[in-house]
Each structure stands twice: as C-alpha cells, then as structure tokens.
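So the chains spell out like this:
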There are 2 protein chains.
Amino acid sequence: MATSLDSQLTVTAPVNLSAYDSRAKTGFSGKKDDAADDLAEMGEELSDLQEKLFAGGRAETSSARVLVVLQGMDTSGKGGIIRHVAGLVDPQGLAITSFKKPTPAELKHDFLWRVERVLPEPGMIGVFDRSHYEDVLIGRVRQLASAEEIERRYTAINEFEQSFTDSGGVIIKCFLHITADDQKERLAARLDDPSKHWKYNTGDLDERMLWDDYQQAYTLALERCSTEHAPWHIVPSGRKWYRNWAVAALLLEQLRALDLQWPDADFSVEAEQARLATM
Amino acid sequence: MATSLDSQLTVTAPVNLSAYDSRAKTGFSGKKDDAADDLAEMGEELSDLQEKLFAGGRAETSSARVLVVLQGMDTSGKGGIIRHVAGLVDPQGLAITSFKKPTPAELKHDFLWRVERVLPEPGMIGVFDRSHYEDVLIGRVRQLASAEEIERRYTAINEFEQSFTDSGGVIIKCFLHITADDQKERLAARLDDPSKHWKYNTGDLDERMLWDDYQQAYTLALERCSTEHAPWHIVPSGRKWYRNWAVAALLLEQLRALDLQWPDADFSVEAEQARLATM
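Residues numbered from 1 in each chain as written. Chains lettered and ligands numbered in written order. Predicted model: local features only at pLDDT ≥ 70, side-chain atom pairs only at ≥ 80, totals over all residues. Heavy atoms only, no water.

## Brief notes about the pattern of salt bridges
- With the rule as written, the count across this model stands at 30 salt bridges over all chains.
- Residue R83(A) is joined to D90(B) by a salt bridge in which the shortest nitrogen-to-oxygen separation is 3.4 Å. Of this pair, R83(A) sits in helix α3 (residues 78-84) while D90(B) sits in the loop between α3 (78-84) and β2 (94-98), placing the two residues on different chains.
- Take D90(B): its relative accessible area is 7%, and that puts it in the buried class.
- For E151(B), the salt bridge goes to R224(B), with nearest N and O atoms at 2.6 Å. Highlighted residues: E151(B) in helix α7 (residues 147-166) and R224(B) in helix α10 (residues 211-224), separated in sequence by 73 residues.
- R224(B) sits in the partly exposed class, given a relative accessible area of 34%. (Salt bridge = Lys/Arg side-chain N within 4 Å of Asp/Glu carboxyl O. Helix = DSSP H or I, 4+ residues; strand = E, 2+ residues; numbered from the N terminus. Buried < 20%, exposed > 50% of the residue type's maximum accessible area, 1.4 Å probe, protein only.)

## What about the side chain of T219(B)?
Residues and elements named next belong to chain B.
- As for its position among the elements, T219 is in helix α10.
- Judged by its relative accessible area of 12%, T219 is buried.
- Excluding residues within four positions of it along the chain, T219 makes contact with V15 and L17. (Contact = heavy atoms within 4.5 Å.)

## With respect to the sheet that holds strand β1 (residues 65-72) of chain B
Residues and elements named next belong to chain B.
- If you walk across this open sheet you meet the five strands as β2-β3-β1-β4-β5, and the pairing is parallel. Whereas interior strands pair on both sides, the edge strands pair on one side only; in this sheet they are β2 and β5 (232-236). Going across the sheet, the axis of each strand differs from the next one's by a mean of 20°, ignoring polarity.
- α10 contacts β1, β4 (169-177) and β5 of the sheet and is inclined by roughly 135° relative to β5. (Pairing = 2+ DSSP bridges. Axes fitted to C-alpha atoms, helices over the stretch in contact; angles between N-to-C directions.)

## Some points on the relation of the copies chain B and chain A
- For these two chains of identical sequence, chain B goes onto chain A by a turn of 180° and a shift of 0.0 Å along the axis, with RMSD 0.0 Å. In symmetry terms, the pair is related by a two-fold rotation axis. Considering only C-alpha atoms, the residue of chain B closest to the rotation axis is P91(B), which sits at 3.0 Å.
- A shared interface surface links the copies, since 100% of the contact residues of chain B are contact residues in chain A too. (Least-squares fit on C-alpha atoms with pLDDT ≥ 70 in both.)

## Observations concerning the interface of chain B and chain A
- Of the residues lining the interface, 46 residues belong to chain B; the matching set on chain A comes to 46 residues.
- Note on chain B versus chain A: buried area summed over both sides is about 4,200 Å², and carbon and sulfur give 62% of it.
- One can count eight salt bridges joining chain B with chain A.
- A salt bridge links E51(A) to R83(B), with the shortest nitrogen-to-oxygen separation between them at 3.7 Å. (Buried area = accessible area lost by both parts, 1.4 Å probe.)

Remember, this is a structural readout, not a statement about activity or role.
Following this line, the structure appears as structure tokens:
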C-alpha cells in the first residue's frame, strides 16, 4: 500500500457521520473474492508477527503490546471481526474482553477501573468488544452520568490511552460504521434465521429507537478522543468482507511498524548444545 | 470413522508407555498432506459446532462446556495444538489457561483451587496447557508433596473431574506421547534456530535428566485417573501433523456427541419483525 490505510481511515475533526459511505472500499481496489485471498495472505504475516510480539513478551525483552478497540452499533460486526480477523492468529496470544453492562461492584469504581485490569500484557494482542467508550456513548445517550462527568471522561480517556501508549502499547480504535438501513437489513436477517435468534435481544430495538442520539454521541467521542497517540478510525462496515479486510490491514500496518525482533538467547547456545549431545 | 478415535486412544490399565509408538497414526489411513485437508475440513465443522455450543451458553439454554487438558513433556506440542487446533474455532469461545509454577498465593490453597477458578463456563471450550496433573507429575518427581498427599490427589482429581462432568462438562484429556529421542531432536532444532530460542529454557534439560521418573509419574497418573467420565487418551505425538489431526478428531467426536441445538427464541419473532418494519 502506497498510502497507509491507517492515514486514510483516521478521523479528523469535525466529523460528519452522515457523509461517510458505509459501503466504501477505501484503500481496496479489487473485488470481494480478492479480499478473501488478501485476508488469507495477511493472516500468514499477522500470525508470524504475532508470534514475534508474543516472544518478546514472554522473554521480557519488549514491552510492546497491542489493543484493538471495537465499537459500533448492534450488528456492525464486532463479533465478526473477532472471529475472522483475531481468529487469524494464535489464540494463545489473544486477550479478548467483551464489555457488558457494569456490575454493581464495577460501578463502585471509576469507569476506567475495570478497563485497566484487562489491558493486554506485553506480547499480547488485546481485543475489546465494546470498551471504556461505552461510558461516553450509552452513558451520554441514556444519561447514566451527569453532563460534567461525561465531559470529564473524554479527557480521562485521552490520558489513560496516552499512558498505555507511553508504556509500549499500541491502540487501534475502530468505529464500525453502518447506516440505519444496514442495521435494519441485518436485524431482519437475524429474525429470519432461527440459528441467529440467540444473538437477538428485544432491547436492540430500544437502542435503535435512539439511533440519532447514538450517532451524535459517537461523533463527539470520535472528535474528542481521536488523538495522535490513539487515533480513531472510521471503518466502513456496510460490506462485511471489506470491514474484515480493513481491520486486518490496520492491525498488520501497526505490527509491521513495531519492527519486532526475535529475542536474543539469554543462555549460551553452544553450552546447551554440548550438554544436550551427552543426554 | 467406524470406530471412534476416542475408543482407540483411550487408556486402559496397566499402561506401558515404552510399548507405545510415538510415530503411530492410529485411526488415520492417509498421508501427511491428506491430514492437512482433513484438518481444514474438520475445522469448518468444529467452528460450526463451537458456535452452537457458545450460543447455548450465551442463551443459558445449555450447561454444556468442554475442557481439553494437554499434558506432555517439553516439546511434545501443547502450544502447537493450541495454535493449530484451538485456532480453528472462534477465539471468543475459547478460554485458554497456561499453568505455571504455582504462586505463593496459590500454594496457600489446595492444589485444585486455582484450577476451579478457571474452569470453562457453559458454552466455552477451555484449554489447559498443563493442568492440575502437574501436582502429581512434577509434584511426584520433585517430591514437592509427601507420598500420602500425592496419593490423596489422584482421588481428589477423579472426584473433581466427576463433578465437572456431572454439571454438563466434557473433559478430553490428552497425553502427548513422545520418546526421549523425539525430544532430543526437537530441542536440538530449537537450539539451531534463533527464532526459537525464546521457547528454550536451560531448565528444560534438568527436567530431561529425570525422563524416566516422569514416564513413571505419567504412567501412574494415566492409570489412576483414566475414568469412565474422564478418560485419558495417549496421543502419539512424534509426528506433529498426526498429533494435531488426532486432537481435532477427538474434539470433533465429543462435540458431535453433545447433539447441540440452536437455542429457541425467548421472544416473539413475529412481534419483533412487525416492530422492526415500522422503524
């Protein structure tokens, strides 16, 4: 890629979500079938780089670690990315967290408390299915906190993310952009398919009623929290295959940029070879 | 498969490990390349069944869950199985635990305490890279506990596993069998390859010195803890491709036997369709 996909999808304020085409194929010139081949090929390189990342963590020679944050409306494809993109690498190197409604115990702490506890360790690729951003999304839309508190959180998030990246972390934040029509089609497909009923919640339609409020809350979160150290990306997600391709490409770009090296042996290779030969 | 692989690899006492061929291809009639095709094909069915298992857990309609226990000497392929077999399914449905030397906090509790805390929840496939069996393996070889305590543990393990299977769990215990020569070859290959040095510990050779003691400890564990509800399997692991194929086949057999069903909708599909149509 001549121009990085990262730079093409990075958010620059002001954000006007309705101007984004959910079916765009930014940075990709081929057809759907080419994307599958491309994804498989990227998968091999991702898998190799992930092993190098993991090795550095295990050998304690590197503090590098990666966090992929997935946010988007219901049916935008957070689960699909975990299956099809995260699924390309060794599951041993993944730390996946799915954030639900906070428990009473979690609510007793600051909103970042439960997030800090599950940040990826050195060598790991963390994936957040929803994240601390829920606290300025549903938090704002449903008025779960005061306006002042929501305001404070944007700054707190930026500082929190900065401290993660200062200590060897890389954050890849992906907003999976779909339109209300895309969602309608996907919810209808879920309702038509008994093998997908378990994914459906009647609460999904209650949230859908608040579509415009959510778009507004996303717009603010994208504008306020797209920073140099942790930019937001708007990933057109109306086409599932493009969405998967794009997130894999973003991850690959970041892993390549880390310039990962195999850790040096912390023992004498010759001495061990000699010892093994006698056994 | 006419005869299940499960029945072919299941341990029946008395065990004589030196009589097992580590390069056997029990239950597989093809060649190495066929195994790769077979594995990919099994991968699709495993992935489908895993999703059904996961759906039942998420919808709380089923208490089914699976635990794969991987034990074997260094280089026997525990990590390889996680990458190549567990890696075939959605990582969201996996709970992988790698058991290290117990921490001081863990040592304050009974040996099963840290294991109970990480058993897979309904819907999940748990994978143990080493397990509670270490407490009768290294525990026995290095005399980390008294003979009476080791003796007590076999029974405690059987009861613990029974309680797991009584509550909807399925346990697939795999002893990855290699010979001392297989291990020598693999350790030598690790030493020859700088990209594998991070996997090597000088302590590996100290354990290798105790090879016969470990084989004896494994023999006892296999004999004492291969029960009807949680049988041990001896997986010939001198060929990596067969080892991966065999563990995938064991997992597939167990998932098929669960006769998994998609959960029924806990809402009125028609009412939701009507509501969605208006939005």
